[in-house]
Amino acid sequence: MQAVGLEYFDKDKGEFIMIEANKLDIGENQVTARFADYELGFQMIVFDGDTKPSMTMSKYDFKNNRFLEHYQCDFETTNIE
């Protein structure tokens, strides 16, 4: 049983895919998922002038050593009972 992972929608397959936690690079404030041509990195950062951290996602082309896209993410934390 895998309780934690990253789930995404694969447009080509038309279904949700789960990447298990043991296949992710997980650090203190970041999670990175590697795909064939790029990686997606999620991290918690505090923007200048803010007091609370925000989650960002960056798409990185590791073959060409450059970032392709950056996004600020909306998220909600909750306790699972």
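In this text, all values refer to a predicted model and were calculated from it rather than measured experimentally.

How each quantity is defined
Residues numbered from 1 in each chain as written. Predicted model: local features only at pLDDT ≥ 70, side-chain atom pairs only at ≥ 80, totals over all residues. Heavy atoms only, no water. Pairing = 2+ DSSP bridges. Helix = DSSP H or I, 4+ residues; strand = E, 2+ residues; numbered from the N terminus. 1 Å grid on protein atoms, 1.4 Å probe; cavity = no way out; pocket = protein on both sides within 12 Å on 5 of 7 lines; lining within 4 Å. Points joined across faces, edges and corners; volume = space filled by probe spheres on them. Nonpolar A, V, L, I, M, F, W, Y, C, P; charged D, E, K, R; others polar.

A. Layout of the pairing of strand β2 (residues 15–20). Of the strand pairs in this sheet, strand β1 (residues 5–10) and β2 are connected by six bridges, and their pairing is antiparallel. Considered in β2, the bridge of Leu6 is made with Ile19.

B. Region of interest: the layout of surface pockets. Estimated volume of the largest pocket: approximately 200 Å³. Per-element accounting of the lining of the largest pocket gives the leading share, three residues, to β1. Taken together, the residues of the lining of the largest pocket break down into five nonpolar, no polar and three charged.

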